[in-house]
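Residues per chain, in single letters:
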There are 2 protein chains.
Amino acid sequence: MAAAEGGEPTRIMVAVNESTIKGYPHASISSRGAFEWTLKKIVRSNTSGFKLLFLHVQVPDEDGFDDMDSIFASPEDFRTMKHRDKIRGLHLLEYFVKHCHEIGVACEAWVKKGDPKEIICHEVKRIQPDFLVVGSRGLGPFQKVFVGTVSEFCVKHADCPVIAIKRNAAQTPQDPVDD
Amino acid sequence: MAAAEGGEPTRIMVAVNESTIKGYPHASISSRGAFEWTLKKIVRSNTSGFKLLFLHVQVPDEDGFDDMDSIFASPEDFRTMKHRDKIRGLHLLEYFVKHCHEIGVACEAWVKKGDPKEIICHEVKRIQPDFLVVGSRGLGPFQKVFVGTVSEFCVKHADCPVIAIKRNAAQTPQDPVDD
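Since this is a predicted model, take the numbers as computed values, not measurements.

Reading the values: the criteria
Residues numbered from 1 in each chain as written. Chains lettered and ligands numbered in written order. Predicted model: local features only at pLDDT ≥ 70, side-chain atom pairs only at ≥ 80, totals over all residues. Heavy atoms only, no water. Helix = DSSP H or I, 4+ residues; strand = E, 2+ residues; numbered from the N terminus. Buried < 20%, exposed > 50% of the residue type's maximum accessible area, 1.4 Å probe, protein only. Contact = heavy atoms within 4.5 Å. Areas by Shrake-Rupley, 256 points an atom, 1.4 Å probe, with all protein chains shown as cover. Core = buried A, V, L, I, M, F, W, Y, C linked by side-chain atoms within 4.5 Å. Least-squares fit on C-alpha atoms with pLDDT ≥ 70 in both. Buried area = accessible area lost by both parts, 1.4 Å probe. Salt bridge = Lys/Arg side-chain N within 4 Å of Asp/Glu carboxyl O. Polar contact = N/O pair within 3.5 Å; in protein donor to acceptor, adjacent residues only side chain to side chain. pLDDT = per-residue confidence, 0-100. Phe/Tyr/Trp six-rings, centres within 6.5 Å; stacked < 30°, edge-to-face > 60°.

For the rest of this paragraph, the subject is the overall build of chain A. Assigned secondary structure in chain A consists of five helices and five strands. Listed by position from the N terminus, the elements making up chain A come as β-α-β-α-β-α-β-α-α-β. Looking at the 179 residues of chain A, the share that counts as buried comes to 41%. Taking as baseline every contact in chain A between residues at least 6 positions apart, the subset at least 24 positions apart corresponds to 77%. Carbon and sulfur atoms form 53% of the exposed surface of chain A, whose accessible area is close to 9900 Å².

Next up on the list: the nonpolar core. Ranked by size, the top nonpolar core spans 46 residues in total, and within it Phe54 and Phe131 of chain A together with Phe54 and Phe131 of chain B carry the most contacts. In contact with Phe131 of chain B, not counting residues within four places along its chain, are Trp37, Ile42 and Ile163 of chain A together with Thr10, Arg11, Ile12, Met13, Ile42, Cys160, Pro161 and Ile163 of chain B.

Attention shifts here to the relation of the copies chain A and chain B. The operation relating chain A to chain B is a screw motion whose rotation component is 180 degrees, with 0.0 Å of axial translation and a residual RMSD of 0.1 Å. Expressed as a symmetry operation, the mapping of one chain copy onto the other fits a two-fold axis. For chain A, the residue whose C-alpha comes nearest the rotation axis is Ile163 of chain A, separated from it by 2.5 Å. Of the interface residues in chain A, 100% have counterparts in chain B that sit at the interface too, so the contact is made through matching surfaces.

With that settled, consider the interface of chain A and chain B. Much of the literature gives interface size as the accessible area that the parts lose upon coming together. Contact residues are listed per partner, giving 34 residues for chain A and 34 residues for chain B. Together chain A and chain B conceal approximately 2800 Å² of surface at their shared face, both sides included; 60% is due to carbon and sulfur atoms. Ionic pairing is found between Asp130 of chain B and Lys41 of chain A, a salt bridge with its closest N-O pair at 2.8 Å. Our enumeration of links across chain A and chain B arrives at ten residue pairs in polar contact (both at pLDDT 80 or more).

With that settled, the discussion passes to the pattern of salt bridges. Residue and element names in this part refer to chain B. Considering all chains together, one arrives at 16 salt bridges over all chains under this definition. Two residues, Glu18 and Arg88, come together in a salt bridge whose shortest N-O distance is 2.6 Å. Of this pair, Glu18 sits in the loop between strand S1 (10-16) and helix H1 (29-43) while Arg88 sits in helix H2 (residues 75-103); the two residues are 70 residues apart in sequence, bridging distant segments of the chain. Looking at Glu18, the relative accessible area reads 15%, which means it is buried. Close ionic contact of Arg167 with Asp179 constitutes a salt bridge, the shortest N to O distance being 3.1 Å. Highlighted residues: Arg167 in the segment after strand S5 (162-166) and Asp179 in the segment after S5, separated in sequence by twelve residues. Accessibility classification places Arg167 together with Asp179 in one group, the buried group.

Segments scoring low in pLDDT should not have their predicted coordinates read at a detailed level. Residue and element names in this part refer to chain A. Confidence along chain A averages 86 in pLDDT terms, with 84% of residues attaining 70 or more. Mean pLDDT across the elements of chain A bottoms out in helix H4 (residues 141-147) (63) and peaks in strand S1 (residues 10-16) (97). Per the prediction output, this complex has pTM 0.87; the corresponding ipTM is 0.85.

The full count for this structure, using the stated rule, is ten aromatic pairs over all chains. Centre to centre, the rings of Phe35 of chain A and Phe96 of chain A are 5.1 Å apart; their planes meet at 85 degrees, and the pair counts as edge-to-face. Within this pair, whereas Phe35 of chain A is found in helix H1 (residues 29-43), its partner Phe96 of chain A is found in helix H2 (residues 75-103), the two being separated by 61 residues in sequence. When the ring of Phe35 of chain B is compared with that of Phe54 of chain B, the centres are 5.5 Å apart and the planes differ by 75 degrees; the resulting orientation is edge-to-face. Residue Phe35 of chain B is located in helix H1, and its partner Phe54 of chain B is located in strand S2 (residues 50-58); the two are separated by 19 residues in the primary sequence. Residue classification places Phe35 of chain B among the buried positions, given a relative accessible area of 0%.

Below you can see the structure in the form of structure tokens.
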């Protein structure tokens with residue numbers, strides 16, 4: 001047995017999402033934390049040894065809350081809305097891809113729509129990464145009752161090893177359910 | 001943000017245990033799997049970027065089953081037994097330390113006695129590794145009712161990120177509770 005020299009890079013899937021705090025499509029605090037942790041603790045200086053696979057799952061706007069003030073007068077308006085969602089998702093992925101590019105780590109990124117926990121596990125089956133990194137808000141049991149946690153579901157159900165990176169306590173927003 | 005160049009190595013705690021199958025203190029299938037996975041997928045060729053911390057928790061022989069045929073005639077006999085346990089633990093750690101030494105990865109190893117899940121979480125608090133790797137037998141829900149799983153407990157309770165590496169299906173022994 002020896003440590004791998006060269007060969008195929010280790011493929012790390014990183015599930016990322018948008019911040020719930022700002023209107024602009026910033027990465028969530030826990031997504032950024034998981035990404036930075038992966039670079040600092042796993043990739044380190046071995047930039048050619050890893051490939052990062054960023055998956056962003058957009059949740060369909062079920063209750064239309066985000067579009068409360070929108071007026072839909074034609075089929076075109078719906079297309080505009082869908083187009084805007086797509087742009088937001090791409091902005092988010094751009095953040096991660098840009099940083100990888102700057103430090104010379106290979107990566108791929110894509111957007112899917114649906115229930116994040118289900119889609120992430122489905123994409124793990126399809127892509128077969130070596131492992132999955134997910135950010136976690138590190139909520140207590142009481143808070144979890146109301147929000148459910150994607151990271152816990154993935155740890156239990158994803159078909160690959162999963163490492164959940166808890167958000168730094170110092171970065172927790174006033175409402176810990178925010179991220 | 002840039003990938004870390006040099007600096008402190010990433011400290012990975014690896015919880016290891018003895019095989020339940022043979023009398024000789026071989027490493028369990030899942031411990032070896034977790035170790036080999038860590039070298040192949042995380043450490044790779046970056047041998048100076050990581051330090052492995054091997055913790056083996058010996059379970060006190062509560063029902064004395066292993067010593068059924070032993071005769072205890074003097075305090076010395078108990079000391080002999082304890083000495084033998086210690087030797088077994090050291091043999092186990094030697095396996096991992098030897099491999100690390102061969103490929104040039106820094107490591108430390110130590111033995112503790114007690115309930116593995118409690119002791120592992122306690123040692124995580126004390127040592128503060130960057131993350132913990134534990135092997136897992138990958139048992140189904142029915143099997144778990146009877147044996148409990150150290151890896152699940154650590155994923156929930158350890159004070160650092162945890163990655164559980166499931167045993168390769170091809171290496172599962174006839175009785176999946178064995179390891």
